[in-house]
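Each chain is listed here by its residues.
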Amino acid sequence: MDKSRLTDQQMEHLVQRSLFDDAAQVSARSGTFFAIQDRLGEQSGRGLRQQISDAFENLSEAIWKIIPVSKLRMAQALALVLIVVVVGTYIAFAGSEDVTESDVAVEPVITPEATPIAKLSVPQNLVPFVDLNVMPVRDTLHANAMVLPLGVGQSPGFLSFGTSIEVENLNRELQLRTMFQDNRVLLLVFAPGVDLFADGDVLNLTQQINQSFEPTQATSSLTTEDERIVAIEEVATCGDGRGVYLQHSTKPVEIGETFAWDVYVSEADPSGDFHFVSIAEPDSAITHDGPDPKRLDAKFSAVERVITADVGVIIVGIFARDPAIEEMCKK
């Protein structure tokens with residue numbers, strides 16, 4: 001297989017296969033990072049400047065092949081290559097205002113308004129979250145847990161000792177996208193200062209697959225009736241980069257609203273931390289605090305098989321599978 005001809009989605013699919021070593025766990029609708037880029041205005045494929053840059057590199061290589069190698073010829077070739085480089089660099093990096101329409105056909109800039117997010121239709125009569133199979137966060141996503149200690153053999157989802165931080169973060173992002181794919185996420189917001197783990201884990205494992213040693217089901221000791229809760233939110237996140245609010249106790253106007261989402265890991269953050277980004281369309285009822293009311297960048301940590309955030313209040317995120325959401329995401 002010529003990896004230089006792989007598309008972005010094929011490359012991420014290939015990485016996922018090598019990561020999980022199980023083709024059944026890789027969805028054909030995965031590739032959230034690239035899907036959300038397209039919806040939010042990022043152009044796919046090679047841009048104009050990249051094509052020009054590639055063209056003058058290929059031309060310079062061709063010049064070296066056809067010009068005989070002599071001192072005089074080499075001097076001429078160097079001069080010609082220098083001209084190609086200067087002209088190519090000027091065109092590739094000059095602003096668009098320096099290039100007229102008669103010179104180059106400029107690629108259209110796609111805006112979010114021109115590529116609206118496909119709306120999700122929330123299924124009627126969704127079962128309560130407490131009746132679903134709770135899905136624990138993978139052990140590999142917890143702090144300093146993805147890379148195995150020296151001398152420990154390879155295991156699905158884990159990386160071998162000595163793996164670079166760049167590769168670790170890439171794999172962490174892939175596993176996070178798989179975790180969010182076609183699932184419901186209940187976000188319980190607690191009053192400031194609450195220590196939810198003072199009495200132990202908030203999830204208790206009930207089922208485990210022996211082959212991969214990955215827990216698949218659990219029960220939660222947290223309930224929506226907890227008097228320490230100050231707000232309740234719930235979202236469903238599809239593997240194609242779309243999400244929708246299922247409930248919001250303080251902003252009911254956002255229920256049923258579709259948004260785009262993605263996750264990323266920053267080397268500046270401690271191990272186990274990641275960022276969840278959601279972006280709503282300009283005319284959406286979804287709003288957030290901050291300089292951009294349509295964009296949220298929330299940092300979470302994987303702790304005790306759930307995700308948590310401390311933003312003045314304490315947020316706990318619990319995942320669950322729901323066949324109705326899987327069907328919704330297919331449309």
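In this text the structure is predicted, and so the values were computed from the model without any measurement. (Residues numbered from 1 in each chain as written. Predicted model: local features only at pLDDT ≥ 70, side-chain atom pairs only at ≥ 80, totals over all residues. Heavy atoms only, no water.)

Draft legend 1. Helix α5 (residues 165–180), seen in detail. Taking 1.5 Å of rise per residue, 16 residues should cover 22 Å, and α5 covers 22 Å from first to last C-alpha, within 8% of that figure. Listed as buried for α5 are Glu168, Asn169, Asn171, Arg172, Glu173, Leu174, Gln175, Leu176, Arg177, Met179 and Phe180. Asp182 sits one or two positions beyond α5 and adopts a positive phi of about 55°. (Helix = DSSP H or I, 4+ residues; strand = E, 2+ residues; numbered from the N terminus. Expected span 1.5 Å × (residues − 1). Buried < 20%, exposed > 50% of the residue type's maximum accessible area, 1.4 Å probe, protein only.)

Draft legend 2. Representation of the pairing of strand β2 (residues 183–190) within the structure. Of all 8 residues that make up β2, 8 are buried, and the element is covered over most of its length. Neither face of β2 is open: one carries Asn183, Val185, Leu187 and Val189, the other Arg184, Leu186, Leu188 and Phe190, and all of them are buried. In this structure, β2 lies alongside strand β5 (residues 229–237), joined through 8 bridges in antiparallel fashion. Looking across to β5, one finds that Leu187 is bridged to Glu233. Strand direction decides the pairing type here: β2 and strand β11 (residues 314–321), joined by 8 bridges, are antiparallel. Counterpart to Leu186 in the pairing with β11 is Ile318. (Pairing = 2+ DSSP bridges.)

Draft legend 3. Representation of the state of the cysteines. Tallying each qualifying case throughout the model produces 1 disulfide. Note on cysteine connectivity: Cys238 is disulfide-linked to Cys329, with sulfurs 2.0 Å apart. Between Cys238 and Cys329, the S-S torsion sits near -80°, and that sign places the bridge as left-handed. Here Cys329 lies in helix α6 (residues 323–329) and Cys238 lies in the loop between β5 and β6 (242–248), a separation of 91 residues in the sequence. Here Cys238 matches Cys329 in class, with each residue buried. (Disulfide = S-S within 2.5 Å.)

Draft legend 4. Examining the packing of aromatic side chains more closely. Across all of its chains, the model carries 7 aromatic pairs by this definition. With a centroid separation of 6.0 Å and 20° between ring planes, the pair formed by Phe274 and Phe300 is classed as stacked. Taken as a pair, Phe274 in strand β8 (residues 273–279) and Phe300 in strand β9 (residues 295–303) lie far apart in primary sequence, 26 residues in all. With respect to burial, Phe274 and Phe300 carry one shared label: buried. (Phe/Tyr/Trp six-rings, centres within 6.5 Å; stacked < 30°, edge-to-face > 60°.)

Draft legend 5. Structural context of the side chain of Ser284. For Ser284, the position within the fold is in the loop between β8 and β9. What makes Ser284 buried here is its relative accessible area of 8%. Polar contacts involving the side chain of Ser284 include one to the main-chain amide nitrogen of Ile286, which spans 3.1 Å. When residues no more than four places from it in sequence are discounted, the contact partners of Ser284 are Glu257 and Lys294. (Polar contact = N/O pair within 3.5 Å; in protein donor to acceptor, adjacent residues only side chain to side chain. Contact = heavy atoms within 4.5 Å.)

Draft legend 6. Expanded view of the pattern of salt bridges. By the definition in use, this model includes 14 salt bridges. Salt-bridge contacts for Arg177 lead to Asp262; the nearest nitrogen and oxygen are separated by 3.0 Å. With Arg177 in helix α5 and Asp262 in strand β7 (residues 258–264), this residue pair connects regions lying 85 residues apart in the sequence. The buried category is assigned to Arg177, whose relative accessible area is 5%. Note that Asp273 and Lys299 form a salt bridge whose closest N and O atoms lie 3.9 Å from each other. (Salt bridge = Lys/Arg side-chain N within 4 Å of Asp/Glu carboxyl O.)

Draft legend 7. Structural context of the nonpolar core. Met179, Phe180, Phe274, Phe276, Phe300, Ile307 and Phe319 are the most contacted members of the largest nonpolar core, which has 29 residues in total. Residues within four places of Phe276 in sequence aside, it is in contact with Phe180, Thr237, Phe259, Trp261, Asp262, Val263, Leu296, Asp297, Ala298 and Phe300. In this structure, Leu196, Ala218, Leu222 and Ile314 belong to the second largest nonpolar core, which totals 19 residues. (Core = buried A, V, L, I, M, F, W, Y, C linked by side-chain atoms within 4.5 Å.)

By themselves, these observations are geometric and do not establish any function.
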